[in-house]
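Okay, here's what each chain looks like letter by letter:
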Amino acid sequence: MTPAVIQLAAEATRQSAEVTDWGARIAWVIGLLVFIAFVYWLMRQGWKWRGTLQSDLPELPAAPGGLPEHRLALTGRYHGSTTAGQWLDRIVAHGLGVRSRVELALTDAGLDVVRPGATDFFVPAAQLRGARLDKGIAGKVLTEGGLLVVTWAHGDRLIDSGFRSDRAAEHAAWVEAINLMNHSITTTEGAER
């Protein structure tokens, strides 16, 4: 045998030393878990603080009994509400920041928002300010026109609420109906003055 072969055989029979320091590894894992828990705690505190800042927002109105026949209805997702025109300024007071399934019904009396597992609310027709197609609201970004955004007044604030229908082709009909409804309301109010 050549010296090179002997050296390779000798190296193959040697065992490598243990390189894992289990104490240090466990300490790093525990440290990382504590850091992640701390970040989640900070996020929760921020959510609660935002709710405190928005505590001046009045309670959400409930749907009145005996609503008239609905003009339009859809099922889909509620993605949240923001201050009108500021698509990242999420409103969390009164459960408006909670994403959920949604059943919308547009009637002559207003917009009925039924959210299983979250707070339902009703937007009277006089409070509807308009609707548009958009691509994002408060941390949810979709394709252009993939989101139905309804603008409404509540207290002294204008609020944008984002909805996505299970059938996105319905969005255009909703925009048209709400904008026509808003136009007829403002025209009627202007004529009465």
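No experiment lies behind these values; they were computed from the predicted model shown.

(A) Molecular detail of the sheet that holds strand β9 (residues 157–165). Pairing in this open sheet of seven strands is antiparallel, and the strands run β4-β3-β2-β1-β9-β8-β5 from one edge to the other. The open sheet has two free edges, formed respectively by β4 (121–124) and β5 (128–134), since each of these has just one partner strand. Between one strand axis and the next, the sheet turns through 30° on average, direction left out of account. Summarising the sheet, strand β3 (residues 110–114) and β4 pair through four bridges and their orientation is antiparallel. Note that in β4 the partner of Gly110 across the bridge is Pro124.

(B) Fine view of the pairing of β3. Burial analysis of β3 places four of its five residues in the buried class, the great majority of the element. The sheet contact formed by strand β2 (residues 100–106) and β3 spans four bridges and is antiparallel. Its bridge partner being in β3, Ala105 is matched across the sheet by Asp112. The antiparallel pairing of β2 with β3 creates a hairpin that spans three residues between the two strands. Two successive antiparallel strands, β3 and β4, enclose a turn made up of six residues, where Gly117 displays a positive phi of approximately 85°.

(C) Spatial organisation of the side chain of Ser100. Relative to the assigned elements, Ser100 resides in strand β2. The contact partners of Ser100, leaving out residues within four places of it in the chain, are Gly76, Arg77, Tyr78, Arg115, Pro116 and Ala118.

(D) Local environment of the environment of Val113. Structurally, the position occupied by Val113 is in strand β3. Considered as a pair, Val113 and Val123 are ten residues apart in the sequence and their alpha carbons are 7.9 Å apart.

(E) Representation of a nonpolar patch on the surface. Taken together, the side chains of Val29, Leu32, Leu33, Phe35, Ile36, Phe38, Val39, Tyr40, Trp41, Leu42 and Met43 present a nonpolar region at the surface, about 1,100 Å² in accessible area. The exposure class of Leu42 is partly exposed, given its relative accessible area of 42%.

(F) Structural context of the pattern of salt bridges. Going through the model one piece at a time under the given rule, you end up with five salt bridges. One salt bridge connects Asp166 with Arg101, and the closest N-O pair in it is separated by 3.0 Å. Placement of Asp166 in the loop between β9 and α3 (171–192) and of Arg101 in strand β2 is noted, with a sequence separation of 65 residues between them. The partner of Asp160 in a salt bridge is Arg132, with the nearest N and O atoms 3.1 Å apart. Remark: Arg132 occurs in strand β5 and Asp160 occurs in strand β9; sequence separation between them is 28 residues. By relative accessible area, Asp160 is classed as buried at 3%. Taking the relative accessible area as the measure of exposure, Arg132 reaches 32% and is therefore partly exposed. It is possible to trace a salt-bridge network through shared partners that takes in Arg132, Asp134 and Asp160.

Scoring rules and cut-offs
- Within every chain, residues take consecutive numbers counted from 1 along the sequence as written.
- Local features in this predicted model are restricted to residues whose pLDDT is 70 or higher, and side-chain atom pairs enter the listing and the counts only when it is 80 or higher, whereas totals over whole chains, interfaces and linings include all residues.
- Think of the side-chain values as coming from all heavy atoms in the structure, minus any hydrogens and water.
- Note on pairing: two strands pair once DSSP finds at least 2 bridges between them.
- Think of it this way: any DSSP run of H or I at least four residues long counts as a helix, any run of E at least two long counts as a strand, and we number them from the N terminus.
- Each axis is a line fitted through C-alpha atoms, and for a helix only the stretch in contact is used; angles between axes span 0 to 180 degrees, taken between their N-to-C directions.
- Three labels apply to residues, based on accessible area from a 1.4 Å probe with only protein chains included: buried if under 20% of the type maximum, exposed if over 50%, partly exposed otherwise in between.
- Contacts: residue pairs with any heavy atoms within 4.5 Å of one another.
- The patches described consist of residues with a relative accessible area above 30% and no salt bridge, like charges being joined within 9 Å and nonpolar side chains (Val, Leu, Ile, Met, Phe, Trp, Tyr) within 5 Å.
- Under the convention used here, a 1.4 Å probe and the Shrake-Rupley method define accessible areas, while residue burial counts only the protein chains that appear.
- Every case where a carboxyl oxygen of Asp or Glu lies within 4 Å of a side-chain nitrogen of Lys or Arg is listed as a salt bridge.

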